Amino acid sequence: MSSAGATQQRDAQFAVPVRVAESQTTPEQPLKMGEPCTMVILGAGGDLTRRKLLPALAHLCSDGLLHETFAVIGVAREDIDDAVFRKRMHDAVRASEDAADVPEDVWREFERRIHYVRGDLRDTTLYEELTRRLSQIEADAGAERGRLFYLAVPPSVYGSTVQRLSASGVAPQRAESRARPWVRVIIEKPFGTSRETARALNRVVSEALAEHQVYRIDHYLGKETVQNLLVFRFANSIFEPVWNRAHVHHVQITAAETVGVEHRAGYYEESGVVRDMFQNHLLQLLSLTAMEPPTAFRANAVRDEKVKVLDAIRPFEAATIDQNAVRGQYNPGLSDGAYVRGYREEPGVDPQSRVPTLAAVRVLIDNWRWQGVPFFLRSGKRMPRRATEIAIEFRHPPHLMFPNDAARVIQPNRLTFSLQPDEGISLCMEIKLPGIGVRMTSAKMDFSYGEAFGEGHQHSAYETLLLDAMVGDQTLFARSDGVEAAWSVVDPIIGAWENSPAPDLPRYAAGTWGPEAADVLVARDGARWRRP
Ligand code: BG6
């Protein structure tokens with residue numbers, strides 16, 4: 001632990017579990033069922049298909065949430081047939097965290113609906129073959145069905161692939177969102193590498209497809225607690241009145257990872273932590289936390305409010321970047337008790353690399369609600385614990401009538417939304433220690449999803465989002481203006497850092513909370529990083 005870590009805030013000493021009423025712990029009948037469709041995964045030879053997409057589909061199938069005629073076509077370059085592809089997908093599902101428990105008979109039934117098409121994305125014959133296979137599946141199913149394309153391909157070919165899908169007629173434009181059969185395209189992150197490139201990509205995509213057909217995925221939005229943040233904020237009345245600058249001292253949003261760059265050096269060397277985590281995941285969390293109440297839980301109503309928050313973020317300036325953003329790169333160290341190498345020693349990484357693997361950023365939102373309230377965002381690889389959370393720290397009581405408690409200083413109230421590894425919500429408050437005289441300590445009311453509902457009721461983020469795409473709900477997907485607005489926020493940070501590389505890029509030992517400068521960043525506002 002760095003000296004930085006030692007100054008971080010500890011959690012309350014006492015935790016009181018919050019339970020849900022027994023009768024409410026069993027989910028009702030599912031509210032959504034996938035519409036009849038064929039999903040086409042372009043780039044099905046990659047990691048994403050094996051680790052996330054197929055397990056998500058298998059799990060949805062096992063829960064009875066896919067239409068009985070649902071089919072999936074994997075597209076990749078390798079010369080294999082349906083049988084080999086199915087076998088690989090079977091192994092992938094069995095090895096996955098999310099769907100290893102799918103019963104074998106469910107898999108056998110599901111497997112029959114998995115197909116494989118071999119081809120090169122640049123080759124027009126691929127699209128002819130795809131059209132043929134799709135028409136065949138559609139004719140066999142005998143009912144009108146949608147086409148859902150998933151771009152699990154390298155970001156550099158998103159634009160050209162969308163163009164080819166459209167030009168070949170396999171994914172035609174639908175001017176009207178109600179037009180049937182529907183055609184939708186899911187595009188993975190990163191959507192561009194800057195505002196300019198995101199805008200250019202949006203332009204290409206919008207020539208081929210209508211916005212209602214485009215699903216820019218950010219898997220953080222599919223996480224249960226992220227959606228629960230909306231319910232918490234807008235289905236309860238006691239929190240909204242204090243959700244503003246009068247009561248909130250600051251907000252901390254952390255996405256700490258224990259993993260290093262893994263096998264993704266090629267991508268990460270180009271991206272770094274700000275493009276990889278801030279432009280998308282962290283700014284999504286920030287905008288959901290800070291947005292005004294939308295008028296309805298509908299895609300554009302929610303997305304309008306999120307974009308307004310991003311637009312209100314005070315622009316970062318190169319001259320003052322050091323006061324508002326801190327970067328770091330991991331050195332060798334101990335992770336989970338084992339020695340791990342530093343970023344510069346990772347395979348595929350430049351030994352002189354200046355790419356940041358950790359950043360901490362102070363964001364100010366220039367609007368009525370949040371004026372003067374800092375939002376501290378941090379994310380890093382090789383931190384001591386895997387933890388993603390949003391913590392709202394409230395102001396100290398304006399006057400403390402109790403006698404000085406020499407033993408300790410009171411802790412401010414804190415509301416924490418944990419996204420992972422355990423999902424839940426907790427509220428820290430001061431209480432009186434039992435006994436004669438008034439002595440205080442902190443206690444935590446803890447609501448854990450796992451304990452309340454059991455692990456069995458959980459769906460992976462990809463399941464939630466794939467199902468939403470199958471029913472045409474874009475609420476949890478980024479809109480074109482939102483993506484560009486998020487790039488506008490981070491571009492100046494990336495620009496300042498890339499244009500003036502720190503003479504000595506701050507380094508932190510793997511397994512620590514990052515450089516001390518990150519502590520100084522928050523200390524200036526009288527805050528301390530939490531230690532989740
Ligand atoms: C991805 C990033 O989008 O999110 C990865 O590219 C990161 O670098 C991952 O590890 C984190 O996702 P999660 O769900 O594990 O927090």
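Residues numbered from 1 in each chain as written. Predicted model: local features only at pLDDT ≥ 70, side-chain atom pairs only at ≥ 80, totals over all residues. Heavy atoms only, no water.

**A closer look at the side chain of T416**
The test is simple: The secondary structure listing takes helices from DSSP runs of H or I that are at least 4 residues long and strands from runs of E that are at least 2 residues long, numbered from the N terminus. Classification of residues uses two cut-offs on accessible area relative to the type maximum, computed with a 1.4 Å probe and protein chains only: under 20% is buried, over 50% is exposed, and between them is partly exposed. Only heavy atoms enter the contact rule, under which two residues are in contact if any of them lie within 4.5 Å.
Tracing the backbone shows T416 in strand β15 (residues 414–420). For T416, a relative accessible area of 3% gives the class buried. Aside from chain neighbours lying at most four places away, what touches T416 is E389, I390, A391, G424, I425, S426 and R530.

**Focus on the pairing of strand β2 (residues 37–42)**
Keep this limit in mind: Paired strands are those between which DSSP finds at least two bridges.
Most of β2 sits inside the fold, with six of its six residues counted as buried. The side-chain alternation of β2 yields two buried faces, one formed by C37, M39 and I41 and the other by T38, V40 and L42. Relative to strand β5 (residues 146–151), β2 runs parallel, the two being bridged by six bridges. Paired with C37 across the strands is G146, a residue of β5. As paired strands, β2 and strand β3 (residues 71–76) are joined by five bridges and run parallel to one another.

**Details of helix α2 (residues 47–62)**
As a reminder, the rule being used: How far a helix is expected to stretch is found by multiplying one less than its residue total by 1.5 Å. Bend at a given residue is defined as the angle between two axes, one fitted to the seven residues that end at that position and one fitted to the seven that begin there.
In this model α2 runs 22 Å from its N-terminal to its C-terminal C-alpha over 16 residues, within 8% of the 22 Å that 1.5 Å per residue would give. Residue L53 marks the point of greatest curvature in α2, where the axis turns by about 30°; the proline P55 follows within four residues. Listing the buried residues of α2 in full gives T49, L53, L54, P55, A56, L57, A58, H59, L60 and C61.

**Things to note about the site of the ligand**
Spelled out, the test is: Whether a residue is near a molecule or strand depends on its heavy atoms: it is near if one of them lies within 4 Å of it. What qualifies as a polar contact is a pair of N or O atoms within 3.5 Å, subject to a donor-acceptor requirement within protein and to the restriction that residues adjacent in sequence count only when both atoms come from side chains. Ten residues, namely Ala, Val, Leu, Ile, Met, Phe, Trp, Tyr, Cys and Pro, are considered nonpolar, four, namely Asp, Glu, Lys and Arg, are considered charged, and the remaining ones, Gly among them, are considered polar.
All residues in the neighbourhood of the ligand are listed as K189, H219, Y220, K223, E257, R264, D276, M277, H281, K381, R386 and Q420. At 2.8 Å from an oxygen atom of the ligand is found a side-chain nitrogen or oxygen belonging to K189. Here an oxygen atom of the ligand and a side-chain polar atom of Q420 are 2.5 Å apart. Examining the composition of the shell around the ligand, we find that three residues originate from one element, helix α9 (residues 265–290), more than from any other. For the shell around the ligand, the class distribution of residues is two nonpolar, three polar and seven charged.

**Let's talk about the pairing of β5**
Operational definition: If you view a crossover with the strands going away from you and the path from the first strand over the helix to the second runs clockwise, you call it right-handed.
The buried fraction of β5 is high, at six of six residues. Burial of the side chains of β5 extends over both faces: G146, L148 and Y150 are buried on one face and R147, F149 and L151 on the other. Note that β5 and strand β6 (residues 183–187) share five bridges and pair parallel. Across the sheet, the residue bridging to Y150 is I186, located in β6. Between β5 and its parallel partner β6, the chain crosses via helix α6 (residues 158–167), and the hand of that crossover is right-handed.

**Focus on the environment of C37**
In this structure, C37 sits in strand β2. On the basis of relative accessibility, which here comes to 0%, the residue C37 falls in the buried class. Along the sequence, C37 and R145 sit 108 residues apart, while their C-alpha atoms lie 4.7 Å from each other. Beyond its immediate sequence surroundings of up to four residues, C37 is in contact with T69, F70, A71, R145, G146, W182 and M470.

**Brief notes about the nonpolar core**
We apply this condition: Residues belong to one nonpolar core when they are buried, are Ala, Val, Leu, Ile, Met, Phe, Trp, Tyr or Cys, and are joined through side-chain atoms within 4.5 Å.
Of all hydrophobic cores here, the largest spans 141 residues; its most connected members are L42, F110, F149, Y150, F278, F375 and L466. Apart from residues no more than four positions distant in its own chain, F278 is found in contact with V273, L283, A359, V361, L377, R378, S379 and V490. Judged by nonpolar contacts, the second largest core, of eight residues, contains A360, V522, A527 and W529.

**Observations concerning the sheet that holds β2**
Going by this rule: The convention used is that axes are lines fitted to C-alpha atoms, helices contributing only their stretch in contact, and that angles between N-to-C directions extend from 0 to 180 degrees.
Read across the sheet, six strands follow the order β4-β3-β2-β5-β6-β7 without closing on themselves; strand pairing throughout is parallel. The strands lining the two open edges of the sheet, one partner per strand, are β4 (114–118) and β7 (214–216). Recorded for the sheet is a direction-independent mean angle of 20° between the axes of neighbouring strands. Relative to β4, β3 runs parallel, the two being bridged by five bridges. Within the sheet, the bridge partner assigned to A76 lies in β4 and is R118.

**Here's the deal with the packing of aromatic side chains**
Using the following cut-off: In this scheme Phe, Tyr and Trp rings, the latter by its six-membered ring, pair at centre separations within 6.5 Å, and the angle between planes marks the pair as stacked below 30 degrees, edge-to-face above 60, and tilted otherwise. Charge-over-ring contacts are defined here by two conditions on Lys NZ or Arg CZ: a distance within 6 Å of the ring centre and an angle within 35 degrees of the ring normal.
All chains considered together, the criterion is met by 13 aromatic pairs. Through a chain of ring-to-ring contacts, three or more aromatic side chains come together here, namely Y268, Y330, Y343 and Y508. Between the NZ or CZ atom of R184 and the centre of the ring of W182, over which it lies, the distance is 3.7 Å. In this arrangement the basic side chain of R216 is found over the ring face of F191, its NZ or CZ atom lying 4.9 Å from the centre.

**Re unusual backbone geometry**
Put simply, R180 and P181 share a cis peptide bond, and its omega is -5°. Counting through the fold element by element, P181 comes out in the loop between α6 and β6. Put simply, Q420 and P421 share a cis peptide bond, and its omega is 10°. Position of P421 relative to the elements: it lies in the loop between β15 and β16 (424–432). Non-glycine residue D336 carries a positive phi angle of around 50°. Tracing the backbone shows D336 in the loop between β10 (333–335) and β11 (338–340).

From the geometry alone we can't say anything about function, so treat these as descriptive.
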